[in-house]
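# Chain and residue survey
Spelled out, the chains give:
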Amino acid sequence: GAGVSQSPRYKVAKRGQDVALRCDPISGHVSLFWYQQALGQGPEFLTYFQNEAQLDKSGLPSDRFFAERPEGSVSTLKIQRTQQEDSAVYLCASSSPYDRYNEQFFGPGTRLTVL
Amino acid sequence: KQEVTQIPAALSVPEGENLVLNCSFTDSAIYNLQWFRQDPGKGLTSLLLIQSSQREQTSGRLNASLDKSSGRSTLYIAASQPGDSATYLCAAPSNSNSGYALNFGKGTSLLVTP
């Protein structure tokens, strides 16, 4: 079956531009997570959705970052007025409510480069 | 918050060697622990998930152990192959308020030479 997909796979933005990153979770997965992975580092948690509700956004680094999941499936991570320090790989993961171990499945990521 | 540390940061071994990657965590009230593989420019592939009630999990040449009391997990790779070259990440979840969002170590970059 289809896994988690993300688009675009690569994005180059000029400093100050707005970007939108998309995540399509595995069908039926209630939980959706966004992570940011800087070069040479492990992923860092950004935000968590359960269906359409954003239950935790404590990892978002600034108010320039905004995430939504209006219909409880596809999610979009938006970054406004991008800065060079936003350059990273943005990973999306989803998990099933029927998986009692809450195993997360990851997409391929979007590599964002801000010039 | 659960803090996760991995050592070594990098490892190079000749093909055929058995090797051990180490992961430590600060909160022994761990829900589960996952080991992932990440190839350059790729996403994360889940290798093994160990539940808090388990001591180890095996998949093919991989064996992961969990010792909650000491705050440690190890990933054992038997008879390493060049195709095993990748970055290996371990991760443990935070509390349920964040949906068990994962806390990752920085990873161990493994190179298996022919």
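Residues numbered from 1 in each chain as written. Chains lettered and ligands numbered in written order. Predicted model: local features only at pLDDT ≥ 70, side-chain atom pairs only at ≥ 80, totals over all residues. Heavy atoms only, no water.

### Quick word on the interface of chain B and chain A
How large an interface is tends to be reported as the accessible area lost when its parts come together. Counting from both sides, the interface comprises 23 residues of chain B and, opposite them, 23 residues of chain A. Buried area between chain B and chain A, summed over both chains or domains, comes out near 1,800 Å², and the portion from carbon and sulfur atoms is 50%. For chain B, the biggest contributors to the area lost against chain A are Leu44, Phe104 and Lys106 of chain B; these three give 22% of the whole. At the junction of chain B with chain A, the criterion picks out zero salt bridges. Applying the counting rule to chain B against chain A returns five residue pairs in polar contact (both at pLDDT 80 or more). Residue assignment for the side of chain B that touches chain A shows that the elements contributing at least two residues are β4 (32-38), β5 (44-51) and β10 (102-104) of chain B. For the side of chain B that touches chain A, the per-class residue count stands at nine nonpolar, 11 polar and three charged. (Contact = heavy atoms within 4.5 Å. Buried area = accessible area lost by both parts, 1.4 Å probe. Salt bridge = Lys/Arg side-chain N within 4 Å of Asp/Glu carboxyl O. Polar contact = N/O pair within 3.5 Å; in protein donor to acceptor, adjacent residues only side chain to side chain. Helix = DSSP H or I, 4+ residues; strand = E, 2+ residues; numbered from the N terminus. Nonpolar A, V, L, I, M, F, W, Y, C, P; charged D, E, K, R; others polar.)

### Things to note about the pairing of strand β4 (residues 31-37) of chain A
Each regular strand displays side chains that alternate between the two surfaces of the sheet. Residue and element names in this part refer to chain A. Burial analysis of β4 places seven of its seven residues in the buried class, the great majority of the element. Burial along β4 is two-sided: the residues Ser31, Phe33, Tyr35 and Gln37 and Leu32, Trp34 and Gln36 are all buried. With six bridges joining them, β4 and strand β5 (residues 44-50) adopt antiparallel strand pairing. Note that in β5 the partner of serine 31 across the bridge is glutamine 50. In this sheet, strand β9 (residues 88-95) lies alongside β4 in antiparallel orientation, the contact comprising seven bridges. Each bridged residue has a counterpart across the sheet, and for leucine 32 the counterpart in β9 is serine 94. (Buried < 20%, exposed > 50% of the residue type's maximum accessible area, 1.4 Å probe, protein only. Pairing = 2+ DSSP bridges.)

### Focus: the environment of lysine 14 of chain A
All names here are of chain A. Structurally, lysine 14 is set in the loop between β2 (10-13) and β3 (19-24). With a relative accessible area of 60%, lysine 14 lands in the exposed category. Sequence-wise, lysine 14 and valine 114 are 100 residues apart; in three dimensions their C-alpha atoms are separated by 5.5 Å. Leaving out residues up to four positions away in the same chain, lysine 14 has contacts with Thr82, Val114 and Leu115.

### Focus on the state of the cysteines
For the structure on display, the rule yields two disulfides over all chains. Residue pairing for cysteine 23 of chain A: its cysteine sulfur links by disulfide to cysteine 92 of chain A, the two sulfurs lying 1.8 Å apart. Residues cysteine 23 of chain A and cysteine 92 of chain A share a disulfide whose torsion about the S-S bond is about -65°; that sign makes it left-handed. Here cysteine 92 of chain A lies in strand β9 and cysteine 23 of chain A lies in strand β3, a separation of 69 residues in the sequence. What pairs with cysteine 23 of chain B in a disulfide is cysteine 90 of chain B, and their sulfur atoms sit 1.9 Å apart. Given an S-S torsion of about 75°, the disulfide between cysteine 23 of chain B and cysteine 90 of chain B has right-handed geometry. Residue cysteine 23 of chain B is located in strand β3 (residues 19-25), and its partner cysteine 90 of chain B is located in strand β9 (residues 86-93); the two are separated by 67 residues in the primary sequence. For the pair cysteine 23 of chain B and cysteine 90 of chain B, a shared accessibility class is recorded, and that class is buried. (Disulfide = S-S within 2.5 Å.)

### Side note on the nonpolar core
Of all hydrophobic cores here, the largest spans 22 residues; its most connected members are Leu33, Trp35, Leu75, Ile77, Tyr88 and Leu110 of chain B. Counting 20 residues, the second largest nonpolar core, distinct from the first, contains Cys23, Phe49, Ala88 and Val114 of chain A. (Core = buried A, V, L, I, M, F, W, Y, C linked by side-chain atoms within 4.5 Å.)

### Let's talk about the packing of aromatic side chains
The final tally for this structure, using the stated rule, is 10 aromatic pairs over all chains. Relative to phenylalanine 104 of chain B, the ring of tyrosine 35 of chain A lies with its centre 5.8 Å away and its plane at 90°, an arrangement referred to as edge-to-face. A residue pair is termed interchain when its members come from two chains, as with tyrosine 35 of chain A in strand β4 and phenylalanine 104 of chain B in strand β10. Like phenylalanine 104 of chain B, tyrosine 35 of chain A is buried. For the pair phenylalanine 65 of chain A and tyrosine 90 of chain A, a centre-to-centre distance of 6.5 Å together with 40° between the ring planes defines the contact as tilted. Placement of phenylalanine 65 of chain A in strand β7 (residues 65-68) and of tyrosine 90 of chain A in strand β9 is noted, with a sequence separation of 25 residues between them. By relative accessible area, phenylalanine 65 of chain A is classed as buried at 5%. What makes tyrosine 90 of chain A buried here is its relative accessible area of 0%. (Phe/Tyr/Trp six-rings, centres within 6.5 Å; stacked < 30°, edge-to-face > 60°.)

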